[in-house]
Amino acid sequence: MNYETYKNGVEKLNTYAYHYYVLDNPITTDEVYDKLYHEVLEYEQENPSSILENSPTQRVGDMVLEGFSKANHKSRMWSLEDVFNADDLSKWLTRVYKFDEDVSFYCEPKYDGASLNLIYENGRLAQAITRGDGVEGEDITQNAKTIKSIPLTIDYKESIEIRGEVVIFKSEFERINSDRLRNGENLFANPRNAAAGSLRQLDSSITASRNLVFLPYGIGENSLDISHLSQRMEFIYSLGFKIPPHRGVCEGFEAIEAIYEEMKESRDGYEMMLDGMVVKVDQIDSQENMGYTVKYPRWAVAYKFPAVEKITTLKDIILQVGRSGVITPVAIVEPTNIDGVVVERATLHNFDEIQRKDIRINDQVIILRSGDVIPKIIKVLTHERKGSEKELKRPTKCPVCGSELLDEGALIKCQNLTCKARVVNSIIYFASKQCLNIDGLGEKIVKALFEAGVVASVEDIFSLTLEKLLALEGFKEKKSQNLLDSIENIKGCDCWRFINALGIEHIGEVASKSLCSVFGLSFVDASKEQLIAIDGIGEEMAEAVLEFVRVNREHIVRLQNVLNPKIPSPKAEVKENPFKGKSVVLTGSMSRPRDEIKKMLETLGAKLVGSVSKKTDMVIYGEDAGSKYDKAIELGVKTLTEDEMRGLLDE
Ligand code: IVH
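Reading guide: rules and limits
- Residues numbered from 1 in each chain as written.
- Predicted model: local features only at pLDDT ≥ 70, side-chain atom pairs only at ≥ 80, totals over all residues.
- Heavy atoms only, no water.
- Near = heavy atom within 4 Å.
- Polar contact = N/O pair within 3.5 Å; in protein donor to acceptor, adjacent residues only side chain to side chain.
- Areas by Shrake-Rupley, 256 points an atom, 1.4 Å probe, with all protein chains shown as cover.
- Helix = DSSP H or I, 4+ residues; strand = E, 2+ residues; numbered from the N terminus.
- Nonpolar A, V, L, I, M, F, W, Y, C, P; charged D, E, K, R; others polar.
- Expected span 1.5 Å × (residues − 1).
- Buried < 20%, exposed > 50% of the residue type's maximum accessible area, 1.4 Å probe, protein only.
- Contact = heavy atoms within 4.5 Å.
- Pairing = 2+ DSSP bridges.
- Axes fitted to C-alpha atoms, helices over the stretch in contact; angles between N-to-C directions.
- Salt bridge = Lys/Arg side-chain N within 4 Å of Asp/Glu carboxyl O.
- Arc of directions from axis to C-beta.
- Parallel < 35°, antiparallel > 145°, perpendicular 65-115°, else oblique.
- Left-handed = near helix turned anticlockwise from the far one by under 90°.
- 1 Å grid on protein atoms, 1.4 Å probe; cavity = no way out; pocket = protein on both sides within 12 Å on 5 of 7 lines; lining within 4 Å.
- Points joined across faces, edges and corners; volume = space filled by probe spheres on them.

Q: I'm lost on the site of the ligand in this one. Help?
A: Close to the ligand lie 14 residues, the nearest being Glu108, Pro109, Ser115, Glu165 and Lys280. Between an oxygen atom of the ligand and a side-chain N or O atom of lysine 110, the distance comes to 3.3 Å. The protein chains hide 88% of the 520 Å² of surface that the ligand would expose on its own. When residues of the shell around the ligand are traced back to their parent elements, those giving at least two are strand 3 (105-111) and strand 10 (274-281). In terms of residue class, the shell around the ligand is made up of eight nonpolar, one polar and five charged.

Right, dumping it as structure tokens:
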């Protein structure tokens, strides 16, 4: 590599990263990116004096600071006045119109994270300062440089302050917390705390590992000659910053209300947490005319969404035994309406977490529910205790079968393979939609069959007879025959369904499909190295497969003999077509049953996935498509109606 190719490499990497992190629309594979990144890194190690400041290698946090130094914002960072309902919004509008009757409004999300001021001088990121008291904050420049959606250089040479919110996407928040749970670390209460905590790490490699995202919302000191805020923001987005998932310019109360309703309806589907919509006067000269109170600009207001955190009472903690024997404590709370959904249960993760948070029955607690965030208890209001609170002892006996439990610290397990809960839950899982999809073998029937003593293991369902079923209460001829037929029908099932139904820890639908397409049924003979070599299978998953096979080989063979799963024909046989090799999501109601369309697309070589991400190639939607469709639009994923899909097929 010479300097020219190096420079070119840096530029290419930045373009790839911009498409990936800012536009959510990757234009290359991880492999290509990594290869080029390493070539660039190698050149820099040999030529340290030529390192370009916008090289992506400069984002890698390897600085450990003693503390942060204080720094002044060039112009003050203001707060926002909150309004909670249409009445308050209308009163605010009356005040605005007193200053200027002809204003329009720029509406954008109010992100729930930590605010950050980026100072660009001469086209380069010179300083990143936390909000602090609005006048002075902390210099966290090194950490900000690890955030991939913050450009290190911009194509604008004047000095400018770009303000925005640093957030953690909901999925990333769940990932961080589940890692922390596994490592016995304290959990973050919500994505906002996780973002703020990650931003203020003295070791910037920790910040780098958290996948923070910067969303611009405003401009501080600047010399822009642009008359409207909305146009100023478009200019900022064009410099390489992320665009809000929803924004709009409008006039008047009703138009603001309409955007507010749209944003509120879609909030669960957005990747980041929003706690409201910010309404800002669009004309800069009117903004200047209105000015500020002691705390807020008069030209902006935060129109809050219904809260996603509520205080309630913890009434009880029940213990659930899963199919792998893990005992999960679940909080039963006083039913509470959170943003339109009545929450009665919340996850408590595990017993270490209960002890760490000192959660007691009868405690007043704060619970969080938002979209993909699983309802959880995030705080105990210990100052509200009245003396009637009861501590929960770590269980030593299985609540279902009574056998001694194995206490491994974070996890407590029932080891009794014949424990009713374990058996019943494994059969329910085996028969469930994502596994063998046995019609008529749902939770209620499985429990009844188990109670009656006719089914004590997964294998027993294949020895059911009409006679045995008719002897049970509530089983008439038709229902019994239907059940037997559905069981018969799963013979010759897809091999991946069979693997998925075994219930191997960490192996879900996607991994089962990979195992099946690489090994077919001989996955039982695969070595650890062979397993890890598969895309998407890591060490923990490989070990789970090996351990499962070690203990259950005979059971797998017996089931295989009854089920006779079918091995997919090699992919090469699929003819070229617009769906081959594509990752596809189906949503909304279609003219044909969903499974039928799914099967057809799979036959064409498409990979059907459940949720929309930037890796999705297309979303095919029917009537009443909801958040998946919105997400596709938000991420710029191609969308097709069912008719358009058929049109493509006809072509
Ligand atoms: S504008 C001059 N816009 O909310 C107005 N703030 O409650 C200053 N925030 O400190 C703020 N999204 O951290 C603005 N679209 C948005 C925002 C936003 C989130 C945060 C920001 C600010 C706080 C005020």
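Q: How do you make sense of helix 5 (residues 170-182) when you look at a structure like this?
A: Owing to its 3.6 residues per turn, the α-helix brings residues three or four apart onto one side. Taking 1.5 Å per residue as the helical rise, helix 5 with its 13 residues ought to reach 18 Å, and the 18 Å between its terminal C-alpha atoms agrees with that figure. Within helix 5, the full set of buried residues consists of Lys170, Glu172, Phe173, Glu174, Ile176, Asn177, Arg180 and Leu181. Looking at the packing, one finds that the buried side of helix 5 touches helix 6 (191-199), strand 16 (364-370) and strand 17 (373-380). Just downstream of helix 5, glycine 184 is the residue with a positive phi angle, here 70 degrees.

Q: Got a minute to help me understand the sheet that holds strand 24 (residues 638-641) in this structure?
A: As summarised here, the arrangement of the four strands in space is 22-21-23-24, forming an open sheet in which the pairing is parallel. The open sheet is flanked by strand 22 (607-608) and strand 24, the only strands paired with a single partner. Where strand 21 (residues 583-587) lies against strand 23 (residues 618-621), four bridges are found, and the strand directions are parallel. Counterpart to threonine 587 in the pairing with strand 23 is tyrosine 621. Sheet contacts for helix 21 (residues 627-635): strand 21, strand 23 and strand 24; angle to strand 21, the most-contacted strand, approximately 140 degrees.

Q: Even after reading the chapter, I still don't get the pattern of salt bridges, so can you show me in this structure?
A: Side chains carrying opposite charge are able to pair once their charged atoms draw close together. Under the criterion given, the structure shown has 42 salt bridges. Note that glutamate 309 and arginine 192 form a salt bridge whose closest N and O atoms lie 3.8 Å from each other. With glutamate 309 in strand 12 (residues 309-321) and arginine 192 in helix 6, this pair connects stretches of sequence that are 117 residues apart. Glutamate 309 sits in the partly exposed class, given a relative accessible area of 27%. Lysine 566 is the partner of aspartate 494 in a salt bridge, and the nearest nitrogen-oxygen pair spans 3.1 Å. Highlighted residues: aspartate 494 in the loop between helix 15 (477-489) and helix 16 (495-501) and lysine 566 in the loop between helix 19 (539-563) and strand 21, separated in sequence by 72 residues. Look at aspartate 494 and you get partly exposed, because its relative accessible area is 23%. What makes lysine 566 partly exposed here is its relative accessible area of 47%.

Q: Where do I start with helix 21 in this structure?
A: For helix 21, the full list of buried residues reads Lys631, Ala632 and Leu635. The arc enclosing the buried residues of helix 21, seen along the axis, measures out at 105 degrees, which places them on a common side. Here the buried face of helix 21 lies against strand 23 and strand 24. The positive-phi residue at the C-terminal boundary of helix 21 is glycine 636, with phi of around 75 degrees.

Q: I keep staring at the packing of helix 3 (residues 86-99) against helix 9 (residues 252-266) and nothing clicks. Help me out?
A: Between helix 3 and helix 9, the least distance of the axes is 10 Å, while the angle of their chain directions is 135 degrees. Put simply, helix 3 runs oblique to helix 9. Crossing hand, helix 3 versus helix 9: right-handed. Listed contacts from helix 9 to Ala86, Leu89, Ser90, Leu93 and Tyr97 of helix 3 are Gly252, Phe253, Ile256 and Glu257. Among the residues making up the contact of helix 3 with helix 9, the classes are represented as six nonpolar, two polar and one charged.

Q: Honestly, empty space enclosed by the protein in this entry has me stumped. Any pointers?
A: The rolling of a water-molecule-sized probe over the atoms marks out the regions of remaining empty space. Under the defined criterion, the tally for this structure stands at one cavity of 30 Å³ or more. Of the pockets and cavities examined, the largest cavity occupies roughly 30 Å³. Lining the largest cavity are Asn177, Leu187, Phe188, Ala189, His349, Lys357, Lys376, Ile377 and Ile378. The element that contributes the greatest number of residues to the lining of the largest cavity is strand 17, accounting for three residues. In terms of residue class, the lining of the largest cavity is built from five nonpolar, two polar and two charged.

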